[in-house]
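# An overview of the molecular structure
The chain contents come next:
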Amino acid sequence: MAKRNIVKLGDDVLRKICRTQLTFDERLHQTLDDMKETMYAAEGVGLAAPQVGMLRRFCVIDIGEGVVELINPVITETSGEQTGNEGCLSIPDRSEIVTRPMNVTVRAQNRYGENIIVKGEGLMARALCHEIDHLDGVLYIDKAQRSK
Ligand code: CO
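Rules used throughout
- Residues numbered from 1 in each chain as written.
- Predicted model: local features only at pLDDT ≥ 70, side-chain atom pairs only at ≥ 80, totals over all residues.
- Heavy atoms only, no water.
- Pairing = 2+ DSSP bridges.
- Helix = DSSP H or I, 4+ residues; strand = E, 2+ residues; numbered from the N terminus.
- Axes fitted to C-alpha atoms, helices over the stretch in contact; angles between N-to-C directions.
- Contact = heavy atoms within 4.5 Å.
- Salt bridge = Lys/Arg side-chain N within 4 Å of Asp/Glu carboxyl O.
- Buried < 20%, exposed > 50% of the residue type's maximum accessible area, 1.4 Å probe, protein only.
- Expected span 1.5 Å × (residues − 1).
- Donors = N, O, S within 2.8 Å, 3.2 Å for Na, K, Ca; no water.

The subject of this paragraph is the sheet that holds strand β6 (residues 103-109). Ordered by their spatial adjacency, 5 strands build an open sheet running β1-β2-β3-β6-β7, and the pairing between neighbours is antiparallel. A single partner strand is all that each edge strand has here, and the edge strands are β1 (46-48) and β7 (115-121). Strand after strand, the sheet turns through a mean of 40° between neighbouring axes, direction not considered. Those strands touched by helix α1 (residues 26-41) are β1, β2 (58-61) and β3 (68-79), and its axis lies near 40° from that of β2. Running at roughly 125° to β7, helix α2 (residues 123-134) makes contact with β1, β2, β3, β6 and β7 of the sheet.

Written out as structure tokens, the structure reads:
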């Protein structure tokens, strides 16, 4: 595994729409492993492919309950609401208040291309929304209540 550089705010790559991931090969697995290492080294709870410069629809999340890898994730259901602090590894030393759903259901594929369903509540729901937003070039600061 190898740590990768995290793209920072201001880089166009964070504002692009990512493409569907069609291959589930060793190269994808290597990228996912690198992203996990990068996320843990930066002490983040999630990292999306565009944050390592790849315009592909996948991300990794670990809120402290084990890693979840999501390929081509789509939010299929949301309920409730939560308002709280949010940050992003691409926007260092900054956090803002963002309102998100309290519960989120996501349909995705795992690293082998198998269909999976992931349900998240609270922080996990927030992380799912945040990372999936990245795949459409959306950053949490776009949804923050106020800017610093
Ligand atoms: Co982020």
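Back to the text.
Pairing between side chains of opposite charge can happen when the charged atoms of each approach one another. Counted according to the given criterion, the structure contains 12 salt bridges. A salt bridge links R57 to D136; its shortest N-O distance comes to 3.1 Å. Note that R57 is positioned in the loop between β1 and β2 and D136 in the segment after α2, a separation of 79 residues in sequence. The closest approach of N and O atoms between E86 and R100, which form a salt bridge, is 2.7 Å. Placement of E86 in strand β4 (residues 82-88) and of R100 in strand β5 (residues 91-100) is noted, with a sequence separation of 14 residues between them. Exposure class is identical for E86 and R100. Each is buried. Several salt bridges share partner residues, and in doing so they unite E86, R100, R126, D133 and K143 into one network.

Okay, the pairing of β3 next. Two strands pair when backbone bridges link them, and β2 and β3 are joined in this way by 4 bridges, in the antiparallel orientation. When the bridges of β3 are listed, C59 appears paired with L70. The turn linking β2 back onto β3 is made up of 6 residues, and G64 within it adopts a positive phi angle of 110°. The pairing of β3 with β6 spans 6 bridges and is classified as antiparallel. Across the sheet, V74 pairs through a bridge with R107, a residue of β6.

In an α-helix, one full turn covers 3.6 residues, which means residues spaced three or four apart are oriented alike. Taking 1.5 Å per residue as the helical rise, α2 with its 12 residues ought to reach 16 Å, and the 17 Å between its terminal C-alpha atoms agrees with that figure. The element α2 is extensively covered by neighbouring structure, given that 11 of its 12 residues are classed as buried.

Our focus in this paragraph is the coordination of the cobalt ion. Taken together, the protein donors to the cobalt ion comprise C88 (SG), H130 (NE2) and H134 (NE2), at separations of 2.0 to 2.3 Å. If you list the donors of the cobalt ion from N- to C-terminus, the spacing comes out as C-x41-H-x3-H. Residue H130 and its partner H134 are located together in helix α2, separated by 4 residues, close to a single helical turn. Of the two residues, H130 and H134, neither departs from the other in class, the shared state being buried.

Treat this as a map of the structure, not an account of what it does.
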